[in-house]
Amino acid sequence: MGDMVQEYLKIAVEVAKKAGKRVKTDFYKNKNIDVKENFADLVTETDHAVEELIFNRILEKFPDHKLIGEETVSAGGHCELTDDPTWIVDPIDGTTNFVHGVPHTCISIGMAINKQPVLGVVNAPILGEMYTAVKGQGAFCNGTKISVSTISELNRSVVILEGGTSRVPEILKTKVGNIKAVIENCHGIRCYGSAAINMCYVARGSHEAYMEHGIHVWDIAAGVVILEEAGGVVLDPSGGELDLMNRRVLAGCSRTVAEQLSAITQNIDMERD
Ligand code: IPD
Ligand code: CA
C-alpha cells in the first residue's frame, strides 16, 4: 500500500498547488457570496470551482475512488465513509477569512482507507505554507520536517479555540463557558478561522492544542494525519477516541495536554456528518 499512497500524495500535492493558484488569484478579487445553513455559513463561487477542479483530477487518475467534498455534500451529495479509498476534500477551509481578506485560508485534501486517514495535504497559498503527511512517514511544511511542542502543562500552553458557524444559543453558551475555562488555565487563546490550519499549527509546534465542536469531516481529515505524523494526538473532546464523523475535535501536542484541556471543558453533542 505504501507505494500507492505515495502516488496518491503526488496527485494530492499537484492538485492542491493548482487549487492554491486559483484561491490566491480570487482572494484579491470581488467575490460572489452565498449563505448555507445560516447567515454566518458562507460559500463563494471559488469554493465550488476549486472542489470541481480537485474532484475532476482525482477521478481522472483514480476513477473507482470515493469522494466526500464540502460543497457536494452541501448540495445534497453523499457523506458516507466506507472502507473504500475515499478522498475527503474541503476546497476552501476558512471561507469567512477568504471572503474578508484574512490570509488564513487553505485547501484541505485528506484520504482515508478502511476508514483510517492515511494522507493529508493542506495548502495555505496566501501564507505560502504547504503541509503534507503520509501515515508512517512524518509531517512536513514546505518540505521541512515538523514536530509538535514538547510543553506538557496546559498552564504553559497556547490553545486554539473557535466560535464556529453555529448560532444556536445553547451551543454558544457552552462554548463561551469553555473559552473562559481555557483562558483561566493557559498562556493564551488564539483563533485562526480554519480548522485545517489550526491543526497544522499544533503540528508545527507553535501552539499546544486546538479544540472545536461543530467542525465537519472535511475540515479535519487531512489535519489528523499531519498532526499525528508530527507526534501529536487527535481525540474526541471527551478525551475518548476520535470519531471522524462526529463533528468535534481535540488536537494536542501530547495526550497529557489534550486530557488536561478535556478535563476543564464541557462537551457538546453535534448532529453527525
Ligand atoms: C470552518 C473553519 C472554521 C471553523 C468552522 C468551519 P469552512 O470551515 O474550519 O475554523 O470554526 O467550524 O466550518 O466553512 O471555512 O470550510
Ligand atoms: Ca469549506
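Now for a quick tour of the structure. Please read all numbers here as calculations on a predicted model, not as lab measurements.

**As for the overall build of the protein chain**
Helix and strand counts for the protein chain come out as eight helices and 14 strands. Taking 273 residues into account, the globule formula puts the C-alpha radius of gyration at 19 Å, and the protein chain, at 17 Å, falls close to it. Reported as C-alpha extents along the three principal axes, the dimensions of the protein chain are approximately 50 × 40 × 35 Å. Counting only residues that meet the buried cut, the protein chain has 56% of its 273 residues in that class. When the accessible surface of the protein chain is split by element, carbon and sulfur atoms take 50% of a total near 11900 Å². Distance between charge centres in the protein chain, computed from 26 positive and 37 negative side chains, equals 5 Å.

**Focus: the coordination of the calcium ion (ligand 2)**
Ligation of the calcium ion (ligand 2) by protein atoms is provided by Glu70 (OE), Asp90 (OD), Asp90 (OD) and Ile92 (O), these donors lying 2.1 to 2.9 Å from the ion. On the accessibility criterion, Glu70 (12% relative accessible area) is buried.

**Quick notes on the site of ligand 1**
In the vicinity of ligand 1, 13 residues are found, and the nearest of them are Asp93, Gly94, Thr95, Ala195 and Glu212. Contact between ligand 1 and Asp93: an oxygen atom at 2.7 Å from a side-chain N or O atom of the residue. A distance of 2.7 Å separates an oxygen atom of ligand 1 from a polar backbone atom of Gly94. Surface burial for ligand 1 is 92%, taken as the share of its 370 Å² of free accessible area covered by protein chains.

**A look at the pattern of salt bridges**
Taken as a whole, this structure holds 17 salt bridges when the rule is applied. Ionic pairing is found between Asp236 and Arg248, a salt bridge with its closest N-O pair at 2.8 Å. Highlighted residues: Asp236 in the loop between β13 (233-235) and β14 (248-252) and Arg248 in strand β14, separated in sequence by 12 residues. The exposure class assigned to Asp236 is buried, which follows from its relative accessible area of 4%. The network of salt bridges with shared partners includes Glu7, Lys10 and Lys61.

**Structural notes on the side chain of His104**
Here His104 is to be found in the loop between α4 (95-100) and β5 (106-113). Residue His104 is classed as buried on the basis of its relative accessible area, which comes to 15%. Engagement of the side chain of His104 in a polar contact is seen with the side chain of Tyr201, the distance being 3.3 Å.

**Notes on the sheet that holds strand β3 (residues 66-69)**
Strand order in this open sheet of seven strands is β3-β4-β5-β6-β7-β8-β9, and the pairing throughout is mixed. In this open sheet, the two strands that pair with only one neighbour each are β3 and β9 (144-145). As judged from the four bridges shared by β3 and strand β4 (residues 86-93), these two strands associate in the parallel manner. Note that in β4 the partner of Lys66 across the bridge is Thr86. Most of the contacts of helix α7 (residues 217-229) go to strand β6 (residues 116-124), to which it runs at about 100°, and overall it touches β3, β4, β5, β6, β7 (129-134) and β8 (139-141).

**Some thoughts on the packing of aromatic side chains**
Where two aromatic rings form a pair, the distance of their centres and the angle of their planes describe that pair. Taken as a whole and assessed by the stated rule, the structure comprises six aromatic pairs. An angle of 70° between the planes, with centres 6.0 Å apart, marks the rings of Tyr8 and Trp87 as edge-to-face. Within this pair, whereas Tyr8 is found in helix α1 (residues 2-27), its partner Trp87 is found in strand β4, the two being separated by 79 residues in sequence. We classify Tyr8 as buried; its relative accessible area is 7%. Since its relative accessible area comes to 0%, Trp87 is described here as buried. A centroid spacing of 5.0 Å and a plane angle of 85° characterise the contact between Phe27 and Tyr28, whose relative ring orientation is edge-to-face.

How each quantity is defined
- Counting starts from 1 at the beginning of each chain's written sequence and moves along it residue by residue.
- The naming scheme follows written order: chains are lettered A onward, ligands numbered 1 onward.
- Residue-level local features of this predicted model are given only where pLDDT is at least 70; pairs of side-chain atoms are given and counted only at 80 or more, and the full residue set underlies all totals for whole chains, interfaces and linings.
- Values reported for side chains reflect all heavy atoms of the structure, with hydrogen atoms and water molecules removed beforehand.
- Secondary structure follows DSSP: runs of H or I at least 4 residues long count as helices, runs of E at least 2 residues long count as strands, and numbering of each begins at the N terminus.
- Only C-alpha atoms enter the radius of gyration; for comparison, a globular chain is expected to reach 2.2 Å times N to the power 0.38, where N is the number of residues.
- Exposure classes here rest on a 1.4 Å probe applied to the protein chains alone. A residue is buried below 20% of its type maximum, exposed above 50%, and partly exposed in between.
- Using a 1.4 Å probe, the Shrake-Rupley method yields the accessible areas, and only the shown protein chains count as cover for residues.
- Counted charges follow a simple rule, with Lys and Arg positive, Asp and Glu negative, and His plus the chain ends left uncounted.
- Note that the charge is assigned to NZ on lysines, CZ on arginines, CG on aspartates and CD on glutamates.
- Each metal's donors are the N, O and S atoms within 2.8 Å of it, or within 3.2 Å when it is Na, K or Ca, and because water is not part of the set, sites may look incomplete.
- What makes a residue near a molecule or strand is one non-hydrogen atom of that residue sitting within 4 Å of it.
- Definition of a polar contact: a pair of N or O atoms within 3.5 Å, with one able to donate and the other able to accept a hydrogen when the atoms are protein atoms, and with sequence-neighbouring residues admitted only if both atoms are side-chain atoms.
- Salt bridges are identified by distance alone: a Lys or Arg side-chain nitrogen within 4 Å of an Asp or Glu carboxyl oxygen.
- Criterion used throughout: strands pair if DSSP finds at least two bridges between them.
- It only takes one pair of heavy atoms within 4.5 Å for two residues to be counted as in contact.
- Each axis is a line fitted through C-alpha atoms, and for a helix only the stretch in contact is used; angles between axes span 0 to 180 degrees, taken between their N-to-C directions.
- The criterion for an aromatic pair is that two Phe, Tyr or Trp rings (for Trp, the six-membered ring) have centres within 6.5 Å, with stacked assigned to planes under 30 degrees apart, edge-to-face to planes over 60 apart and tilted to the rest.

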